[in-house]
Protein chains: 4
Amino acid sequence: MIRIGVIGYGYWGPNLVRNFAELGRAELTGVADLDPKKLELVNKRFPAVKTTTDFLELLNDPEIDAVAIATPVDTHFELGMAALKAGKHVWLEKPMTETSVQARQLIDAADKRKLVLHVDHTFVYTGAVRKMRDLVKSDDLGKVLYYDSTRVNLGLFQRDVSVISDLAVHDFSILDYLLCEQPAAVSAGGINHFPGTPENLAYITMFYDSGAIAHVNVSWLAPVKVRTVLVGGTKKMFVYDDLQPSEKLKIYDKGVSFTDDPAKIYQMRVGYRTGDMWAPKLDEQEALKVGAEHFCDCIEQKKQSLTDGRLGQRVTELIEAATASMKARGATVHLPHAEKVL
Amino acid sequence: MIRIGVIGYGYWGPNLVRNFAELGRAELTGVADLDPKKLELVNKRFPAVKTTTDFLELLNDPEIDAVAIATPVDTHFELGMAALKAGKHVWLEKPMTETSVQARQLIDAADKRKLVLHVDHTFVYTGAVRKMRDLVKSDDLGKVLYYDSTRVNLGLFQRDVSVISDLAVHDFSILDYLLCEQPAAVSAGGINHFPGTPENLAYITMFYDSGAIAHVNVSWLAPVKVRTVLVGGTKKMFVYDDLQPSEKLKIYDKGVSFTDDPAKIYQMRVGYRTGDMWAPKLDEQEALKVGAEHFCDCIEQKKQSLTDGRLGQRVTELIEAATASMKARGATVHLPHAEKVL
Amino acid sequence: MIRIGVIGYGYWGPNLVRNFAELGRAELTGVADLDPKKLELVNKRFPAVKTTTDFLELLNDPEIDAVAIATPVDTHFELGMAALKAGKHVWLEKPMTETSVQARQLIDAADKRKLVLHVDHTFVYTGAVRKMRDLVKSDDLGKVLYYDSTRVNLGLFQRDVSVISDLAVHDFSILDYLLCEQPAAVSAGGINHFPGTPENLAYITMFYDSGAIAHVNVSWLAPVKVRTVLVGGTKKMFVYDDLQPSEKLKIYDKGVSFTDDPAKIYQMRVGYRTGDMWAPKLDEQEALKVGAEHFCDCIEQKKQSLTDGRLGQRVTELIEAATASMKARGATVHLPHAEKVL
Amino acid sequence: MIRIGVIGYGYWGPNLVRNFAELGRAELTGVADLDPKKLELVNKRFPAVKTTTDFLELLNDPEIDAVAIATPVDTHFELGMAALKAGKHVWLEKPMTETSVQARQLIDAADKRKLVLHVDHTFVYTGAVRKMRDLVKSDDLGKVLYYDSTRVNLGLFQRDVSVISDLAVHDFSILDYLLCEQPAAVSAGGINHFPGTPENLAYITMFYDSGAIAHVNVSWLAPVKVRTVLVGGTKKMFVYDDLQPSEKLKIYDKGVSFTDDPAKIYQMRVGYRTGDMWAPKLDEQEALKVGAEHFCDCIEQKKQSLTDGRLGQRVTELIEAATASMKARGATVHLPHAEKVL
């Protein structure tokens, strides 16, 4: 039984608490939050869980094996480092840290102590993304040509981070997981329509040395909610619509080939292939539960998480690069190192 | 009765021929194409129309008032200039010319001779775009905050021009018509997945001095066809889905306002307003027919076309700027002059 | 503060318990269920609520003002009658009783004691149905011509009642509320594909003296979930799609008129009118909460519920008639009395 | 080369003329219509085709092998019989005749003279219906449990036939082709909302001895166009949506099985199976062209059409039965003979 403390009971914390409480293999031991009213809510629902306004009580508790940190991003580094130094395994909400340098320091601190450092990039644990990864890995898709995501809705405006950190971060983690490749360069445009607030919409383009291109369109100011990703490969293409109640992932047996047919004068000598469409049954477990199970597995089996600090760090690098480009109206920003991901 | 000759009977020419033939107020006098087989088709369907493989026969025919040019873009300048010099009013397919310099020369040539120079940016004549323009002009939308278009499908790959000239050109003309403002700067990313071919997908972001931002996502390599534009204003928002058989344009009474409610700690003090949605009945006439009528009106009433050479030139400038940025992986390109459009 | 006991903590009971517990103006006093395991769940979630396996404890408790009964339908009459005789106001799950005769007896028992008898036809309390009712009442729709509902999905098969009692019952209550008229006759077809089970799909047609016609298509054996109602009036038409996340109700300014145009030879002289479409903002409160508020209002203000025993009885009459017709492969069944509903 | 004359150039005739003219293997020889204006249209488009206001000219022309009859249904019997007696193969628009007795007489007349008698139930020749038939025949679907069609839109009101003859006739022919079984009994409800006109909406339920049930919902008075068929089998289920631009036919690996699990108290012991969804690529040829090819094949190879007079007659029997039931508000009507179709 892994004993877990949760720090932060705001927007996302209750989901962590519920999942760890119901997991069966973990024991929710304590919850910390600065707001006593939030702790009252915990007390009502989970009378056996100890609550505190001082997160150090959790870190100093030798009974606790791991902490999950669901506080604003500007506290992630400090809390994460304190937890690692206290010998706790750490679950960090996304994005991992404000800077990639901080991310690197957390990785080192975890490595030194052989502690698990897991970043909650939840989408990686959805049935749809895991199926996409299987299809990429098995070469059913062929060579990946592009990834194109639209992730827009009305609200929720954040006060401390831009729409890139809030929404594009999901695509950055999915891309890292699918392509196993960090982009070589990024170009982004964005705007804050309301002075004094972070950018509320952004368009990010990523260039990969393998020849793939990725594009992410994120907004808090769209009249309709859209969560659609198109992925094109040389053999097949996907449409992943996360808002569909079923058949979220559709695989199209479509493609293009170049021919020598001299009859085509005005158009290129292109052949279009269209075949069946197929929507595989997906694992419908709650992604957060799958992630929580995986976190426990990593602790018990002393292994790295799928969404470990390294993935988390690469995502923060992308956020930094995209933000820098966005501030410069699209100027190309090269990633600090485009080393091949395993 | 305006007598019209059509040059080029390939992909789009037959639509021009059919529309001018059925217009009632114009007389289709002649058709020129280099390919005698195509002319046979014309002969079969329109026995009274004279056909020729030499476009000069049409230009030299004093019976002909105007010519419509539907040939590959690299011939537009030469044919258009010859037609203007022959004293003909000119209808040019989009994009107007290969370069904005050529466009300027055609404008001057037309102005000097007081001839109509119309560029076939057909979307401007659709019921949906005209309704959008009404709503922008009447301030129902409020200040325009963003325009976000997705225009993707599988094919048709072009051999001579990139997907920007083929598809983004539609948005460039719609934006010019809606916003009456040329962007100050452009950033674009794109790729040709097949060596030796033009770019087959591109993402273009445009920055306006008024504070608006526009984004266009175009591709010939998508598994599904999408033709969706989102437009956000301070008062209302639109979704324009050109693939819907009806209710193509939906107007959402939605918006965001910033409040002083101190209760919101983790989120900004934002109020979200959602009201009714409304899909106005649109004029369902074929846009090309509306454009052809307008061309005849302009000739008869000696007035400028809504999609005149100036609009056409601004579009070619945008294509040039977007293409330059795309070649430089997103580097900001400033437009040559961001003068206010009337 | 109205003190409420809930009998039955199976599929629907927990929703009642949650809503009454959170209402603010009612106090959840006790919960009865035959299954002690279910009561344990209640104890965990609501430690202050007393639980019992004997519903009589609730009825004999003088502290309790009202009981909500969420047990299998074959127990509704017995439990409801006992509760009324114990002087409790009664909330009954739908359908009210197994027979319309039983329904009448409950109505009489409630009337005699001046107790509120409320049937939980939840759909009547949705924002969409209340908006539809407003539009019918204000004559915006014109005369109602038809109501056509499709309510199908895969599962949940019931063991004790047919798909008519399970799903068509929703439309029967909506129709009663919208039209204020009981149909004069019913014809239904249906089938049980699996021997020894109740009918799992059914098609019911209702004929009204006013000239309207209604049709309900229900199934537990459809590959996709559909919840769509079309309503046609002489002035406007509705589409109500309960599965849409927003814009559930769309109002079409469409209609038909008969003209004297002699030009139409093969077709009738019909004019089709199509105008704007409009999706009004709907009240998005949980319908069950609205119903629970209404139940409390009725008790406090000593008034009849919108979904009182009389509406409940008319629904049971419709179920009886439709079931009789279904057993006779569509034979017309006249309703016992087609008296005008107020 | 089969020489064909077409009688009737109203709503559907031009489609026949175009298809036969472009077929390659047939020669469009003559067109008859009572209206000289319509014949002028033919002359313009097809100068080589002879036109006449007297259909007898076509029947008396020894050059003509076959005639296609696209006139109002009340003339089908007379014209069809005259054509057969003149030794012509006959293509009849749907429905075949006003009565099933007439249909029988045409069949006999054709059989006696060994002439092809083809009824234009076009849907049978669509890629979607042929694929459905393959899946039923190969037992991929399992035993057919139900067929449920919704075929509604606004207009076109017919003056001479009800919505059953106009729209439900499509489902009657599809059902005959898919199930190879005539229903044993029919129940229908319908209404004419406008006095003196045919019924403009109808709901028809068909009962089959095999245990299947079919239902058809047709209307000329719906605010939206719907063309959806659900088909459930013991192994798989279909959704056929004819309005989709692609993926018209979706096959769901879904089903229900009954188990002995005692844990399910309130629900039946039912297991729900859900697997992949699959949308096969369909033949996208125009169905009318496929039918026209088939008609030519039948003439050349002296074989029966897939949609021969017998299928046409069974459809007229269904129309008669459904209409009789509709006039009696759903009263069960037994089909004259429910003999097994081959």
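None of these values were measured; they are calculated from a predicted model.

Rules behind the numbers
Residues numbered from 1 in each chain as written. Chains lettered and ligands numbered in written order. Predicted model: local features only at pLDDT ≥ 70, side-chain atom pairs only at ≥ 80, totals over all residues. Heavy atoms only, no water. Helix = DSSP H or I, 4+ residues; strand = E, 2+ residues; numbered from the N terminus. Rg over C-alpha atoms; globule rule 2.2 N^0.38 Å. Buried < 20%, exposed > 50% of the residue type's maximum accessible area, 1.4 Å probe, protein only. Contact = heavy atoms within 4.5 Å. Areas by Shrake-Rupley, 256 points an atom, 1.4 Å probe, with all protein chains shown as cover. Lys, Arg positive; Asp, Glu negative; His and termini not counted. Charge placed at Lys NZ, Arg CZ, Asp CG, Glu CD. Buried area = accessible area lost by both parts, 1.4 Å probe. Salt bridge = Lys/Arg side-chain N within 4 Å of Asp/Glu carboxyl O. Nonpolar A, V, L, I, M, F, W, Y, C, P; charged D, E, K, R; others polar. Least-squares fit on C-alpha atoms with pLDDT ≥ 70 in both. Pairing = 2+ DSSP bridges. Axes fitted to C-alpha atoms, helices over the stretch in contact; angles between N-to-C directions. Phe/Tyr/Trp six-rings, centres within 6.5 Å; stacked < 30°, edge-to-face > 60°. Expected span 1.5 Å × (residues − 1). Bend = angle between axes of the 7 residues up to and from the residue. Core = buried A, V, L, I, M, F, W, Y, C linked by side-chain atoms within 4.5 Å. Parallel < 35°, antiparallel > 145°, perpendicular 65-115°, else oblique. Left-handed = near helix turned anticlockwise from the far one by under 90°. Patch = residues over 30% accessible without salt bridge, like charges linked within 9 Å, V, L, I, M, F, W, Y side chains within 5 Å.

> So what about the overall build of chain A? Which residues, and what values?
Helix and strand counts for chain A come out as nine helices and 15 strands. The globule rule puts the C-alpha radius of gyration for 342 residues at 20 Å, and the 22 Å found for chain A is close to it. Principal axes of the C-alpha set define a box for chain A whose edges measure 75 × 45 × 40 Å. A buried classification covers 61% of the 342 residues belonging to chain A. Within chain A, residue pairs in contact and separated by at least 24 positions form 66% of the contacts whose partners lie at least 6 positions apart. For chain A, the exposed surface amounts to about 13300 Å²; the carbon and sulfur share of it is 52%. A distance of 2 Å separates the average location of the 41 positive side-chain charges in chain A from that of its 45 negative side-chain charges.

> An account of the interface of chain B and chain A is needed here, citing residue identities and associated values.
If you look at the interface, chain B gives 56 residues, while chain A gives 56 residues. Summing both partners gives a buried area of about 5200 Å² for chain B against chain A, and 69% of it is carried by carbon and sulfur. For the pair chain B and chain A, the interface holds zero salt bridges. Here the residues of the side of chain B that touches chain A are counted per class, giving 34 nonpolar, 16 polar and six charged.

> Can you explain the relation of the copies chain B and chain A? Please cite residues and give values.
Relating one copy of the chain to the other requires a rotation about an axis plus a shift along that axis. For these two chains of identical sequence, chain B goes onto chain A by a turn of 180° and a shift of 0.0 Å along the axis, with RMSD 0.0 Å. Overall, the copies show the geometry of a two-fold rotation axis. Identified as the residue of chain B closest to the rotation axis by C-alpha distance is B:Ala331, at 2.1 Å. A share of 100% of interface residues in chain B that are also interface residues in chain A marks the association as one of identical surfaces.

> Residues and numbers for the interface of chain C and chain D, please.
Interfaces are often sized by the amount of accessible area the parts lose when they come together. Facing the 56 residues of chain C at the interface are 56 residues of chain D. For the pair chain C and chain D, the two sides together bury roughly 5100 Å², of which 69% comes from carbon and sulfur. Summed over the shared surface of chain C and chain D, the result is zero salt bridges. Contributing elements (two or more residues each) for the side of chain C that touches chain D: strand E7 (144–154), strand E8 (185–191), strand E9 (201–207), strand E10 (213–219), strand E11 (221–233), strand E12 (237–241), strand E13 (249–258) and strand E14 (270–279) of chain C.

> Talk me through the sheet that holds strand E5 (residues 89–93) of chain B; I want residue IDs and the actual numbers.
All names here are of chain B. Read from one edge of the open sheet, six strands run E3-E2-E1-E4-E5-E6, paired in parallel fashion. What marks the edges here is a single partner per strand, and that holds for strand E3 (50–52) and strand E6 (117–120). Neighbouring strand axes in the sheet, compared pairwise and without regard to direction, differ in orientation by 20° on average. Against the sheet, helix H4 (residues 76–85) makes contact with strand E1 (2–7), strand E4 (66–69) and E5, and its axis sits at roughly 170° relative to E5, the strand it touches most.

> Just give me the short version of the sheet that holds strand E4 (residues 66–69) of chain A, but keep the residues and values in it.
Residues and elements named next belong to chain A. Reading across from one edge, E3-E2-E1-E4-E5-E6 is the order of the six strands in this open sheet, with parallel pairing throughout. If you trace the sheet from one side to the other, it starts and ends with strand E3 (50–52) and strand E6 (117–120), each paired once. Across the sheet, the mean angle from the axis of one strand to that of its neighbour is 20°, orientation sign disregarded. The pairing of E4 with strand E5 (residues 89–93) spans four bridges and is parallel. Note on E5: the bridge partner recorded for alanine 68 is tryptophan 91.

> How would you summarise the packing of aromatic side chains if you had to cite specific residues and measurements?
The final tally for this structure, using the stated rule, is 24 aromatic pairs over all chains. When the centroid spacing of 6.4 Å and the interplanar angle of 65° are considered together, the rings of A:Phe20 and A:Phe295 count as edge-to-face. With a gap of 275 residues between them, A:Phe20 in helix H1 (residues 13–22) and A:Phe295 in helix H8 (residues 287–301) connect regions that are remote in the sequence. One exposure class covers both A:Phe20 and A:Phe295, and it is buried. These aromatic residues form a ring-pair network of at least three members: A:Phe157, A:Phe194, A:Trp220 and B:Tyr272.

> Let's hear about the pattern of salt bridges: which residues, and what values?
Inspection of the entire model under this criterion finds 63 salt bridges over all chains. The salt bridge partner of A:Arg3 is A:Glu63, with a shortest N-O separation of 3.7 Å. Taken together, the positions of A:Arg3 in strand E1 (residues 2–7) and A:Glu63 in the loop between helix H3 (55–59) and E4 put the pair 60 residues apart, joining distant regions of the chain. Where D:Asp171 meets D:Arg151, a salt bridge forms, and the shortest distance between an N and an O atom there is 2.9 Å. Of this pair, D:Asp171 sits in helix H7 (residues 163–179) while D:Arg151 sits in strand E7 (residues 144–154), and the two are 20 residues apart along the sequence. In this structure D:Asp171 comes out as buried when scored by relative accessible area, which is 0%. Assessed through its relative accessible area of 3%, D:Arg151 is described here as buried. Through salt bridges with shared partners, a single ionic network connects A:Arg25, A:Glu293, A:Asp297 and A:Glu300.

> Account for H7(D), with residues named and values stated.
An α-helix turns once per 3.6 residues; consequently, residues spaced three or four apart project the same way. With 17 residues, H7(D) should reach 24 Å at 1.5 Å per residue; the first-to-last C-alpha distance of 23 Å fits that figure. The sharpest bend along H7(D) reaches about 45° and sits at D:Val169.

> Go over the nonpolar core, please, and point to the residues and values.
Core analysis: the largest hydrophobic core is formed by 146 residues, its most contacted members being A:Phe172, A:Ile204, A:Met206, D:Phe172, D:Ile204 and D:Met206. For A:Ile204, the contacting residues outside a window of four places in its chain are A:Ile164, A:Ala168, A:Phe172, A:Val186, A:Ser187, A:Ala188, A:Ala214, A:His215, A:Val216, A:Val218 and A:Ala322.

> Give me the lowdown on helix H1 (residues 13–22) of chain C, citing residues and values where you can.
Residues and elements named next belong to chain C. Along H1, the residues classified as buried are Gly13, Leu16, Val17, Asn19 and Phe20. Along its buried surface, H1 packs onto strand E1 (2–7), strand E2 (26–32), strand E4 (66–69), strand E5 (89–93), strand E6 (117–120) and helix H8 (287–301). Backbone geometry just after H1 places glycine 24 at a positive phi near 95°.

> If you had to explain the packing of H7(D) against helix H9 (residues 309–327) of chain D to someone new, which residues and values would you point to?
Residue and element names in this part refer to chain D. At a closest axis distance of 9 Å, the pairing of H7 and H9 adopts a crossing angle of 130°. By the criterion of interaxial angle, the relationship of H7 to H9 is oblique. For the element pair H7 and H9, the recorded crossing hand is right-handed. Seen from H7, the contacting residues are Ile164, Ser165, Val169, Phe172, Ser173 and Asp176; seen from H9, they are Leu311, Arg314, Val315, Leu318, Ile319, Ala322, Thr323 and Met326. A per-class count over the contact of H7 with H9 returns nine nonpolar, three polar and two charged.

> Can you break down the arrangement of the chains residue by residue, with the values?
Nothing in chain A touches chain C; the tightest C-alpha to C-alpha distance between them is still 7 Å. Taking C-alpha atoms as the reference, chain B and chain D come no closer than 7 Å and do not contact one another.

> Residue-level account of a nonpolar patch on the surface, with values.
A cluster of nonpolar side chains, A:Tyr11, A:Leu156 and B:Tyr272, forms an exposed patch at the surface whose accessible area comes to about 320 Å². Positionally, A:Leu156 belongs in the loop between strand E7 (144–154) and helix H7 (163–179). Overall, the relative accessible area of 35% leaves A:Leu156 in the partly exposed class.

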